Amino acid sequence: MFDAPAPGPMFRCLAVASALSLLSSCADTPAQKAASAPLPQVSQPAPKVPVAPAQAAPAVMPAISFSAWRDDFRREALASGIDAATFDRAFAGITPDPSVINADRSQPEFTRPVWEYLEGAISPYRVRKGQALLAEHTATLDAIEQRFSVDREPLVAIWGMESSFGQFMGDKSVIRSLATLAYEGRRPAFAHAQLLAALQILQHGDIQPGSMLGSWAGAMGQTQFIPTTYNSHAVDFDGDGRRDIWNSSADALASAAHYLQASGWRKGQPAALQVQLPQGFDYAHADGDIRKPVSQWQALGVQLGPQDNGLAGEPASLLLPAGHRGPAFLVLDNFRAILKYNNSSSYALAVSLLGERFDERGQLTGSWPRDERPLSRSERVELQESLAAAGYNPGAADGIIGANTRKAIRVYQQRLGWPADGYPTLELLRQLRGGR
Ligand code: CA
């Protein structure tokens, strides 16, 4: 899902709330919530819509017809202030889209290793293209930095990650996709709220229904905002009176900047620092719940790069994207701001490294454990079931390695005398299968 065609952000909060113990409502006050949330897992880029339990999938078609559902929804939309003409224009010819339901129900069995994900995200093409666009849009980015106090490199990196700089925005009717999800999907409340927000956007005149295109989950335009995020954070920056995140790169970049600003962005600060860990380091510190000032990490022997001065008092967590055998990072407040955009540590790391790469920085010094493959979904479920059977309380066996599962892994690793990095490996699963 993180290949060139854009993933949509903005679903992320709802998306992984249950698994990652992030607070569930997100669009309103991102800044405060980012600060307290644990870091999400790394190997699983966040799904873009709320994760619905598998058993909630309807076995049969909904009890009412689409047109009956639409008539009910029309009454509700009109009662909430949508005018009849807007509604009828938006819904003209709209039928359920089976491809949306299929996309909603697909759960990939295999996960790409984080290093492959990062290599795709930080491709030479994307770096060159981003550099060219930074030069091309200098004046606009100057003005955006001035107004929103968000650095241009991560902004352009997000633009590249979300829509390949506006080249892949999704080609599905947002009204149709959201109507499908509201009518037949497993997350009717989410889709319902997004659909109402989409109608508000149409009523406001920002975009015509036929041009309101996006991903199967309703993520729209160059920023891949879902409609509620659009309504709270999209801005008209080129001054034509419309917030056009589809066709105006100035509007799109400024809207993303506005969202990062609201998520607590701190201009001039990095998001993630590559660090070296000392021999004998206690990997149990690599836990998104643990935040210490950079100076305290240094006191534990964590070594920063020579250019990373002046951050001693900044709170940071230690991130090991591939466990103790891979590179280590201290992640700062801006990392958490990026997570508000898309709640995946892989994504936030990619944005951070890609933004640095535009400046000829961001080269990784550590090496990845390329001989390890990520556990498949069914292996992750088995791992959780085995940890539970052995009394380690990993939480629900949902195949998502969240905070509870990582804690359970850590305790088990400690019992084995292994490095307690909380990272799920095949070796660990084999150990559990052996019943030791
Ligand atoms: Ca505009």
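Residues numbered from 1 in each chain as written. Predicted model: local features only at pLDDT ≥ 70, side-chain atom pairs only at ≥ 80, totals over all residues. Heavy atoms only, no water.

1. Quick word on the overall build of the chain
In step 1: Within the chain, the regular secondary structure consists of 19 helices and 7 strands.
In step 2: Residues counted as buried form 57% of the 436 residues belonging to the chain.
In step 3: By sequence separation, contacts in the chain at least 24 residues apart represent 71% of the contacts at least 6 residues apart.
In step 4: Total accessible area computed for the chain in this model is approximately 17,300 Å², and 51% of it derives from carbon and sulfur atoms. (Helix = DSSP H or I, 4+ residues; strand = E, 2+ residues; numbered from the N terminus. Buried < 20%, exposed > 50% of the residue type's maximum accessible area, 1.4 Å probe, protein only. Contact = heavy atoms within 4.5 Å. Areas by Shrake-Rupley, 256 points an atom, 1.4 Å probe, with all protein chains shown as cover.)

2. Digging into the nonpolar core
Nonpolar side chains in soluble globular proteins generally cluster together in the buried interior.
In step 1: Counting 83 residues, the largest nonpolar core has Phe91, Ile175, Leu199 and Met212 as its most contacted members.
In step 2: For this core, the element with the highest residue contribution is helix 16 (residues 345-358), accounting for 8 residues.
In step 3: In this view, Ile175 contacts Ala90, Phe91, Ile94, Leu195, Ala198, Leu199, Leu202 and Met212; residues no more than four positions away in its chain are not counted.
In step 4: Formed by 16 residues, the second largest nonpolar core is a distinct cluster that contains Val275, Val302, Leu318 and Ala328. (Core = buried A, V, L, I, M, F, W, Y, C linked by side-chain atoms within 4.5 Å.)

3. Considerations on the packing of helix 3 (residues 66-79) against helix 11 (residues 188-204)
In step 1: Where helix 3 contacts helix 11, the axes come no closer than 11 Å and their chain directions differ by 60°. Our classification of the angle between helix 3 and helix 11 gives oblique. Classified by chirality, the crossing of helix 11 by helix 3 is right-handed. For the pair helix 3 and helix 11, contact is made by Trp69, Phe73, Glu76 and Ala77 and by His192, Leu195, Leu196 and Leu199, respectively.
In step 2: Class assignment of the residues belonging to the contact of helix 3 with helix 11 gives a composition of 6 nonpolar, 1 polar and 1 charged. (Axes fitted to C-alpha atoms, helices over the stretch in contact; angles between N-to-C directions. Parallel < 35°, antiparallel > 145°, perpendicular 65-115°, else oblique. Left-handed = near helix turned anticlockwise from the far one by under 90°. Nonpolar A, V, L, I, M, F, W, Y, C, P; charged D, E, K, R; others polar.)

4. Side note on the pairing of strand 7 (residues 328-331)
In step 1: Here strand 7 shows two buried faces, one formed by Ala328 and Leu330 and the other by Phe329 and Val331.
In step 2: Of the strand pairs in this sheet, strand 3 (residues 272-276) and strand 7 are connected by 4 bridges, and their pairing is antiparallel. Across the sheet, Val275 pairs through a bridge with Ala328, a residue of strand 7.
In step 3: One ladder, built from 3 bridges, connects strand 6 (residues 315-319) with strand 7; its direction is antiparallel. Within strand 7, the position partnered with Ser317 by the bridge is Val331. (Pairing = 2+ DSSP bridges.)

5. Considering the pairing of strand 6
In step 1: Among the 5 residues of strand 6, 4 are classified as buried, and the element is accordingly described as predominantly covered.
In step 2: Note that strand 4 (residues 292-293) and strand 6 share 2 bridges and pair antiparallel. Its bridge partner being in strand 6, Pro293 is matched across the sheet by Pro315.

6. A look at unusual backbone geometry
In step 1: One non-glycine residue, Ser149, lies in the positive phi region at around 55°.
In step 2: Structurally, the position occupied by Ser149 is in the loop between helix 8 (138-148) and helix 9 (152-163).
In step 3: The phi dihedral of Glu360 falls on the positive side, at around 65°, and the residue is not glycine.
In step 4: If you trace the backbone, Glu360 turns up in the loop between helix 16 and helix 17 (377-389).

7. A word on the coordination of the calcium ion
In step 1: Within the first shell, the calcium ion binds the protein through Asp236 (OD), Asp238 (OD), Asp240 (OD), Arg242 (O), Asp251 (OD) and Asp251 (OD), at distances of 2.2 to 3.1 Å.
In step 2: Geometry at the calcium ion is irregular, judged from its 6 donor atoms and the angles of 45 to 162° they form at the metal.
In step 3: Linear spacing of the donor residues for the calcium ion on their chain is D-x1-D-x1-D-x1-R-x8-D. (Donors = N, O, S within 2.8 Å, 3.2 Å for Na, K, Ca; no water. Tetrahedral: all angles 85-135°; square planar, octahedral: opposite > 155°, others 65-115°.)

8. Here's the deal with the pattern of salt bridges
Side-chain pairs of opposite charge can arise whenever the charged atoms involved come near each other.
In step 1: This model, assessed by the stated rule, comprises 25 salt bridges.
In step 2: The residue Asp104 makes a salt bridge to Arg187 at a minimum N-O spacing of 2.1 Å. With Asp104 in helix 5 (residues 98-105) and Arg187 in the loop between helix 10 (174-184) and helix 11, this residue pair connects regions lying 83 residues apart in the sequence.
In step 3: The residue Glu382 makes a salt bridge to Arg433 at a minimum N-O spacing of 2.7 Å. Separated by 51 residues along the polypeptide, Glu382 in helix 17 and Arg433 in helix 19 (residues 426-433) bring together distant segments of the chain.
In step 4: With a relative accessible area of 24%, Glu382 lands in the partly exposed category.
In step 5: Arg433 gets classed as partly exposed once you look at its relative accessible area, which sits at 47%.
In step 6: When salt bridges with common partners are traced through the structure, they connect Asp142, Glu145, Arg152 and Lys267 into a single cluster. (Salt bridge = Lys/Arg side-chain N within 4 Å of Asp/Glu carboxyl O.)

Read these as spatial facts, not as claims about activity.
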